[in-house]
Amino acid sequence: MDDVHEAFKGNMLITDLDRNMRHIFVNLRRYAMERADMDQIFAKNRADGKMQPVIPPTEPFPCDLSYARSTYPPTSVHELRPGDIDVIASIGDSLSAGNGIMSDRVIHILNEFRAFSFSGGGYGDWRSYLTLPNIFRVFNPNLYGYSIENELTVDSTSRLNIAEPMIMSRDLPFQAGVLIDRMHQDPNVDMKNHWKLLTIFVGNNDVCSDMCHYDNATEFIHRHELDVRRTLTLLRDNVPRLLINLVPVPNMVITIYPMQNVPFGCFAVHHLGCHCIFSHAVGEKELHEAYDRITRWHEADQYIVQLQEFQTNDFAVVYQP
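Worth saying up front: this structure is predicted, and the values here are computed from it rather than measured. (Residues numbered from 1 in each chain as written. Predicted model: local features only at pLDDT ≥ 70, side-chain atom pairs only at ≥ 80, totals over all residues. Heavy atoms only, no water.)

Visitor: Explanation requested: the overall build of the protein in the structure shown.
Guide: Scanning the protein from N- to C-terminus turns up twelve helices and four strands. Summarising the internal contacts of the protein: among those between residues at least 6 apart in sequence, 74% fall at separations of at least 24. Only carbon and sulfur atoms are counted for the fraction: they give 55% of the accessible area of the protein, which is about 16,700 Å². (Helix = DSSP H or I, 4+ residues; strand = E, 2+ residues; numbered from the N terminus. Contact = heavy atoms within 4.5 Å. Areas by Shrake-Rupley, 256 points an atom, 1.4 Å probe, with all protein chains shown as cover.)

This is how it looks when you write it as C-alpha cells:
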C-alpha cells in the first residue's frame, strides 16, 4: 500500500485555506441536499416526462441470462461473464456523482443524486432506472458497491461511487487512492477473490474550464496521459481482479454546442461552467482548436488502453467508443 500513500502525498499539498474552502463547499452541498423537497422534485420530473417510463413486469430482460455467471470464478479477466462481477465502483466528476439528475432549477445542480448515477447508482431496478449497476444486478443479485441513497462522497451510503463534482484528470490518482483505501476497509469487499468493475469518466471539467488556458495543446494532452497512466498503474498494483470501464469525455463541440432553443438557465450555466467552449469570446477558430484537442484527448486514452502493461490476466481496461 506504500504506492497508494505516495499518491496521496503527491496530491495533498493542502493548506488550511484549501481545507476550509472544501469544508464550506461540502457543507453548502449538504445543506442544499437537506433543504430539497425530494418528493416534490420527483413528482415534477415525472409530470414533465423527464423520468424513464417504467418497463412492465410482463416484458422480459432483453439479454440472454443462460450463461450469466461462470460455474467457477474465472482466473482470467478475459473469461469474465456479467454475473462474475461481484463489486462495482465509479470515480469521476459531477456526471458520475449524479449532480442535477433530478434538478428542476439551477440551484439543484448542487444536489448529488448519485443513487441514479449511470455508473454507480443502484436505486430501484432496471425497469425504473436503467443504470449500469441495475443491469449487472440482473446477472448477479449479490452485486455490491453501488450507491443506494442520494448522499455525498463522504457519506457511507455512497459506498464505492466516490465521484466528486469539479474533479479533473489531475485528480484521478487521488480518487484512485481513496477508492483503494475504501475497498480495503469495507468488509463486503473480498480484495483477493471478488471480480471488480470500475467505471472512470472524467474530462468534462478539463475541456470546459482548463483546456483553453493552455497555449500548448500537446502539453494539455500529455498531462492527461500522465494522469491516466499513473491512475491505472496505481489501481493495477493494488486492486486484484479488476476490469476498468474507461468512458471518454464527449466532444461538446459537436454534441452540445450546436443545440438550438436552449432554455436561458441552461444557456447561462453553459457559459459560466464551460467558458472554454460556450464563451462569447469563442469563435470558429477556437471551436476548431477545441474539437482538435478533445479528439487528441480521445486518442491518448485509446493509446493507453492498448498498452500491454494494462492488459493482463488479472487486470484490463476497456475503452468505450
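There is more to say, and it comes next.
Visitor: Which parts of the structure should I look at to understand the pairing of strand S4 (residues 315-319)?
Guide: One face of the sheet, then the other: side chains in a regular strand alternate in exactly this way. Most of S4 is tucked away: four of the five residues are buried. Bridging between strand S3 (residues 242-247) and S4 involves five bridges; their strand directions are parallel. By the bridge assignment, Leu-246 is partnered in S4 with Tyr-319. (Buried < 20%, exposed > 50% of the residue type's maximum accessible area, 1.4 Å probe, protein only. Pairing = 2+ DSSP bridges.)

Visitor: Help me understand the environment of Glu-164 in this model?
Guide: Inspection of the secondary structure assignment puts Glu-164 in the loop between helix H5 (132-139) and helix H6 (172-185). Here the alpha-carbon distance between Glu-164 and Asp-93, two residues 71 residues apart in the chain, equals 4.9 Å.

Visitor: How should I be thinking about the pairing of strand S1 (residues 85-92) in this particular structure?
Guide: With eight of eight residues buried, S1 lies mostly within the body of the structure. Here seven bridges tie S1 to strand S2 (residues 195-201), and the two strands are oriented parallel to one another. Residue pairing for S2: Val-87 is matched across the bridge by Lys-196.

Visitor: I keep staring at helix H3 (residues 38-47) and nothing clicks. Help me out?
Guide: One turn of an α-helix holds 3.6 residues; hence residues three or four places apart share an orientation. Listed as buried for H3 are Ile-41, Phe-42 and Asn-45. One side of H3 holds all its buried residues, which, seen down the axis, span an arc of 95 degrees. The outward face of H3, more than 90 degrees from its buried face, is lined by the exposed residues Asp-39 and Ala-47. Positive backbone phi, approximately 70 degrees, marks Gly-49, located one or two places after H3. (Arc of directions from axis to C-beta.)

Visitor: What am I meant to see in the packing of helix H8 (residues 217-238) against helix H12 (residues 284-305) here?
Guide: A pair of packed helices can be characterised by two numbers: the angle between their axes and the separation between those axes. Close contact between H8 and H12 brings their axes to 10 Å; oriented N to C, the two are set at 30 degrees. Taken together, H8 and H12 sit at an angle that is classed as roughly parallel. Here the hand of the crossing between H8 and H12 comes out right-handed. From H8, Ala-217, Thr-218, Phe-220, Ile-221, His-224, Glu-225, Val-228, Arg-229 and Leu-232 reach across to H12, where they touch Arg-293, Arg-296, Trp-297, Ala-300, Asp-301, Tyr-303 and Ile-304. Per-class residue counts for the contact of H8 with H12 are nine nonpolar, two polar and five charged. (Axes fitted to C-alpha atoms, helices over the stretch in contact; angles between N-to-C directions. Parallel < 35°, antiparallel > 145°, perpendicular 65-115°, else oblique. Left-handed = near helix turned anticlockwise from the far one by under 90°. Nonpolar A, V, L, I, M, F, W, Y, C, P; charged D, E, K, R; others polar.)

Visitor: Quick question: what am I supposed to make of the pattern of salt bridges here?
Guide: Two side chains of opposite charge can pair, provided their charged atoms sit close to one another. Counting across every chain of the model gives nine salt bridges. In this structure, Arg-69 engages Asp-86 in a salt bridge whose closest nitrogen and oxygen atoms are separated by 3.2 Å. Of this pair, Arg-69 sits in the loop between H3 and S1 while Asp-86 sits in strand S1; the two residues are 17 residues apart in sequence, bridging distant segments of the chain. Given a relative accessible area of 39%, Arg-69 falls into the partly exposed group. Of the charged contacts, one joins Asp-237 and Arg-236 as a salt bridge, the two residues approaching to 2.9 Å between their closest N and O atoms. A relative accessible area of 43% places Asp-237 in the partly exposed class. A single network of salt bridges, built from pairs that share partners, joins Glu-225, Arg-229 and Glu-309. (Salt bridge = Lys/Arg side-chain N within 4 Å of Asp/Glu carboxyl O.)

None of this, on its own, says anything about what the molecule does.
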